[in-house]
Amino acid sequence: MSSQIFRSVSRATRSIISSASKQKSSLLSEGRSASAAAAISYKGVLPALASFGRDSSGNTSSTWIAGAFMLPAAAYMVQDQEAHAAEMERTFIAIKPDGVQRGLISEIISRFERKGFKLVAIKLVIPSKSFAQQHYHDLKERPFFNGLCDFLSSGPVLAMVWEGEGVIKYGRKLIGATDPQKSEPGTIRGDLAVGVGRNIIHGSDGPETAKDEISLWFKPEELTSYISNQEKWVYGVN
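The name that an unreviewed UniProt entry assigns to the chain is Nucleoside diphosphate kinase, with the source organism given as Cynara cardunculus var. scolymus. As stated in UniProt under Function (unreviewed entry), the record for the chain gives "Major role in the synthesis of nucleoside triphosphates other than ATP. The ATP gamma phosphate is transferred to the NDP beta phosphate via a ping-pong mechanism, using a phosphorylated active-site intermediate. Shows the highest specificity towards GDP." Per its UniProt entry, the chain bears the Sequence similarities (unreviewed entry) comment "Belongs to the NDK family."

Moving on: the layout of surface pockets. Estimated volume of the largest pocket: approximately 750 Å³. Forming the boundary of the largest pocket are 27 residues, of which Tyr136, Asp138, Leu139, Leu148 and His202 lie nearest the centre. Those elements that place two or more of their residues in the lining of the largest pocket are helix 5 (129–135), helix 6 (145–152), strand 4 (201–203) and helix 9 (207–217). It is helix 9 that contributes the most residues to the lining of the largest pocket, five residues altogether. Considering only residue class, the lining of the largest pocket consists of seven nonpolar, 10 polar and 10 charged.

In this section: the UniProt feature "binding site: ATP" (unreviewed entry) in the chain. Under the present numbering, the feature "binding site: ATP" (unreviewed entry) in UniProt falls on Lys96, Phe144, Arg172, Thr178, Arg189 and Asn199. Considered against the largest pocket, the annotated residues that line it turn out to be Lys96, Phe144, Arg172, Thr178, Arg189 and Asn199. Examined against the element boundaries, Arg189 turns out to sit in helix 8 (residues 188–192). For Arg189, a relative accessible area of 6% corresponds to the buried category. In contact with Arg189, other than residues within four places in its own chain, are Lys96, Ile175, Gly176, Ala177, Thr178, Pro180, Ser183, Asn199, Ile201 and His202. Within the structure, the side chain of Arg189 is placed 3.3 Å from the backbone oxygen of Gly176, a separation counted as a polar contact. Positionally, Asn199 belongs in the loop between helix 8 and strand 4. Among the residues examined, Asn199 registers a relative accessible area of 4% and is labelled buried. Once you skip the residues sitting within four places of it in the chain, Asn199 turns out to touch Lys96, Asp98, Thr178, Pro180, Arg189 and Ala193.

Conventions used here
The numbers attached to residues start from 1 for each chain and follow its sequence in the written order. Thresholds applied to this predicted model are a pLDDT of at least 70 for local features of residues and 80 or more for the giving and counting of side-chain atom pairs; totals over whole chains, interfaces and linings are not thresholded and use all residues. Neither water nor hydrogens contribute to the side-chain values; these are computed over all heavy atoms in the structure. UniProt positions are given in the numbering used here, feature names are shortened, and annotations may be inferred rather than shown by experiment. As defined here, a cavity is a set of points on a 1 Å grid over the protein atoms alone where a 1.4 Å probe fits but cannot get out. A pocket is an open set with protein on both sides within 12 Å along at least five of seven lines, and residues line them when an atom is within 4 Å of a point. Grid points are joined across faces, edges and corners, and a volume is the space filled by probe spheres set on the points. Helix numbers and strand numbers start at the N terminus; a helix is a DSSP run of H or I with at least 4 residues, a strand a run of E with at least 2. Classes in brief: Ala, Val, Leu, Ile, Met, Phe, Trp, Tyr, Cys and Pro nonpolar; Asp, Glu, Lys and Arg charged; the others, Gly included, polar. Accessible area is worked out with a 1.4 Å probe on protein chains only. A residue is then buried under 20% of its type maximum, exposed over 50%, and partly exposed in between. Here, two residues are considered to be in contact whenever any of their heavy atoms come within 4.5 Å of each other. Polar contacts here mean pairs of N or O atoms no more than 3.5 Å apart (in protein, one a potential hydrogen donor and the other a potential acceptor; neighbouring residues in sequence count only if both atoms are side-chain atoms).

As structure tokens, then:
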């Protein structure tokens, strides 16, 4: 009887080991396929996947399987973020020297953030007069052009790029009319500025202007693309 029990246990053990071996082989095969697909889709981005294959003793490493699934997931995440950013509108916003000197940076940024727009680029610079002339090139025939350029280059400017649905048009609404005296209460200029010569902020007035101003003030690598955790609470259709 004991010998029969031993043989039964032995057969059951061999069956379990065989089944586990087949499952392991299947997982390795799936892992290799996923990694190969990722390497083809994202060549030049991912590290060599062969290093995940075996450990120092020559045995198959479980790290290989983990890497096979984690790396494609990360690559897809980056791809999704870039596609998401491409669907969103971007605008150029600058806090002029008077706004910076008056300590209004946090106040202005908070208004765009509270609206639900996303900051994707920011830097503090002192533009040269020639740079200011490039920025205001469409106003070069106006009598105030030279003074405007002198002012923009007179101190630090906080240059920003904001992203969101309708951010160009609504960004202008947040800013208010060029003349603060004509700006509605609740707008940035209506609440924080008095004279047209010191109206503290600039915003792109249309898609083409936004594109030109962003490329003038920022290099492509200075712009970020990411999905904010707040976006699911800002956008959506019920």
